[in-house]
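Understanding the architecture of this molecule
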Amino acid sequence: MWTVMESPVGDLRIVERNGSVVAIEFSPFRPPADGRPLGARDDEHPVLKETVRQLTAYFQRDLKEFDLPLAPDGTEFQQRVWDQLLAIGYGETATYGQIAHRLGHTNAASRAVGLANGRNPIPIVIPCHRVIGADGTLTGYAGGMERKQTLLELEQDALF
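These numbers come from a predicted model, not from an experiment.

Rules used in this analysis
- Residues numbered from 1 in each chain as written.
- Predicted model: local features only at pLDDT ≥ 70, side-chain atom pairs only at ≥ 80, totals over all residues.
- Heavy atoms only, no water.
- Helix = DSSP H or I, 4+ residues; strand = E, 2+ residues; numbered from the N terminus.
- Buried < 20%, exposed > 50% of the residue type's maximum accessible area, 1.4 Å probe, protein only.
- Pairing = 2+ DSSP bridges.
- Domains from an automatic or database assignment.
- Contact = heavy atoms within 4.5 Å.
- Buried area = accessible area lost by both parts, 1.4 Å probe.
- Salt bridge = Lys/Arg side-chain N within 4 Å of Asp/Glu carboxyl O.

Moving on: unusual backbone geometry. In this chain, Ser27 is followed by Pro28 through a cis amide linkage whose omega measures 5°. For Pro28, the location among the structural elements is in the loop between β3 (20-26) and α1 (46-59). Unusually for a residue other than glycine, Asn18 sits at a positive phi of about 50°. One non-glycine residue, Arg61, lies in the positive phi region at around 65°. Here Arg61 lies in the loop between α1 and α2 (76-86).

Here it is in structure tokens:
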């Protein structure tokens, strides 16, 4: 099942399978990378409806932590990176190197962390936008740098 919602970063398609969110996609939407059918659109599905509610509250600066059933599909290493992303607090950032170190690796693993970060299928909720370069600059974002900057500014503005 899936639904679409409007947001400050453009339309978002939210995909659910077996009672969990498996993807949040930025427009323009593409066919699923894994080739699996999306199923029917269902704006009233409980998980999708709750995801829209929480994302709406997030964009209104009324929600800082999501509480949703998530089931991102990825390798064991990607899952470990995504778990680290979930530990980055609202309004905070971390570097690729810091995440590599938290996983028990050296800075040499920063590139692998970056690749896993870029494959995060549930952006915003799994906050890959909170990862920045070692020098503090914004670096690549699958949704585009403008979206990354918007999300970071939204969180910073909400803190003050």
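There's more to say after this.
Attention now moves to the pairing of β3. Strand residues, when the strand is regular, have side chains that alternate between the two faces of the sheet. For β3, a buried count of seven out of seven residues is recorded, marking the element as mostly surrounded by other parts of the structure. Of the strand pairs in this sheet, strand β2 (residues 12-17) and β3 are connected by six bridges, and their pairing is antiparallel. Directly across from Leu12, in β3, lies its bridge partner Phe26. Between β2 and β3, which pair antiparallel in sequence order, lie two residues; one of them, Asn18, sits at a positive phi of approximately 50°.

Splitting the chain by domain gives domain 1 (2-60) and domain 2 (76-155). If you average the C-alpha positions of domain 1 and of domain 2, the two centres end up 21 Å apart. In this complex, domain 1 contributes 11 residues to the contact, which on the side of domain 2 involves 14 residues. A buried area of about 1100 Å², summed over both sides, lies between domain 1 and domain 2, and 71% of it is on carbon and sulfur atoms. Inspection of the domain 1/domain 2 interface yields zero salt bridges.

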